[in-house]
Amino acid sequence: EKNSDPLRVLPQSQGFHFYTAVGHYCGVTSNSLEEFANVLQYICSEAIIFHFERGDFQNWIREVIGDTKLAQEIDEIKMCSRQLSDECCRKEIAQRVNIRILQLEVEKGNSCFSKQEAK
């Protein structure tokens, strides 16, 4: 069990920097899983496809955020990425990230749902 909290806010240097191609920075960095989920909603699809095909999202989530479960879930999308349209790909990734954030919040006990579920 990693002692670091996957929901923590990272220093800028460890954030996820969005590019559309090598050397083409979008001007957007997410410094937490929640920011990452938000950026996925509006970032250009070129950036999503660029990073997704290289496995950058998974690597950042695994290495920096420290959440191997979520990284694996995004890896599973990867296998069907060829059949998915860009927007479908965006939705799939965003959905899994958002579900995972809720799970982590419940595990932390900070969620408004955790009290009812603990019955």
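Bear in mind the structure is a predicted one, so any value in this text is a computation, not a measurement.

S.K.: Would you mind going over the overall build of the protein with me for this structure?
M.R.: Within the protein one finds six helices and two strands. Counting helices and strands in the order they occur from the N terminus, the protein gives β-β-α-α-α-α-α-α. For the protein, the proportion of its 119 residues judged to be buried stands at 40%. Intrachain contacts of the protein at a sequence separation of at least 6 include 55% that bridge at least 24 residues. Roughly 6,900 Å² of accessible area belongs to the protein as shown, and the carbon and sulfur atoms make up 50% of that amount.

S.K.: Where do I start with the state of the cysteines in this structure?
M.R.: Any covalent bond linking the sulfur atoms of two cysteines counts as a disulfide. Per the stated rule, a full pass over the model turns up zero disulfides. Free cysteine Cys26: the closest other cysteine sulfur is in Cys44, separated by 4.4 Å. Here Cys88 stays unpaired: no disulfide links it, and the sulfur of Cys89, its closest cysteine neighbor, is 7.5 Å away.

S.K.: How should the confidence of the model for the protein be read in this particular structure?
M.R.: Caution applies to low-pLDDT regions: their predicted coordinates should not be interpreted in detail. Mean pLDDT over the protein works out to 87, with 83% of the residues at or above the 70 mark. In the model, residues 114–119 has pLDDT below 50 throughout and makes four contacts with residues more than four positions away in sequence or in other chains.

S.K.: Explanation requested: helix H2 (residues 45–54) in the structure shown.
M.R.: Think of an α-helix as turning once every 3.6 residues; residues three or four places apart then point the same way. Turning to H2, its buried residues number three or more, namely Ser45, Ala47, Ile48, Phe50, His51 and Phe52. Of the residues one or two after H2, Gly55 is the one with positive phi, at around 80°.

S.K.: How do you make sense of the environment of Asn38 when you look at a structure like this?
M.R.: Its location among the elements puts Asn38 in helix H1 (residues 33–42). Looking at Asn38, the relative accessible area reads 49%, which means it is partly exposed. When the C-alpha atoms of Asn38 and Val97 are compared, they prove to be 9.8 Å apart, with 59 residues separating the residues in sequence.

S.K.: I'm lost on the pattern of salt bridges in this one. Help?
M.R.: Pairs can form between side chains of opposite charge whenever their charged atoms are close. A complete count under the given rule lists eight salt bridges for this structure. In this structure, Asp5 and Lys108 form a salt bridge, with 2.9 Å as the shortest nitrogen-oxygen distance. With Asp5 in the segment before strand S1 (16–21) and Lys108 in helix H5 (residues 86–108), this pair connects stretches of sequence that are 103 residues apart. Of the residues examined, Lys108 reaches a relative accessible area of 42% and is grouped as partly exposed. Of the charged contacts, one joins Asp75 and Arg62 as a salt bridge, the two residues approaching to 2.9 Å between their closest N and O atoms. With Asp75 in helix H4 (residues 68–78) and Arg62 in helix H3 (residues 56–65), this residue pair connects regions lying 13 residues apart in the sequence. The class for Asp75 is partly exposed, based on a relative accessible area of 29%. Residues joined by salt bridges that share partners form a network here, namely Asp67, Arg100 and Glu107.

What counts and what doesn't
Residues numbered from 1 in each chain as written. Predicted model: local features only at pLDDT ≥ 70, side-chain atom pairs only at ≥ 80, totals over all residues. Heavy atoms only, no water. Helix = DSSP H or I, 4+ residues; strand = E, 2+ residues; numbered from the N terminus. Buried < 20%, exposed > 50% of the residue type's maximum accessible area, 1.4 Å probe, protein only. Contact = heavy atoms within 4.5 Å. Areas by Shrake-Rupley, 256 points an atom, 1.4 Å probe, with all protein chains shown as cover. Disulfide = S-S within 2.5 Å. pLDDT = per-residue confidence, 0-100. Salt bridge = Lys/Arg side-chain N within 4 Å of Asp/Glu carboxyl O.

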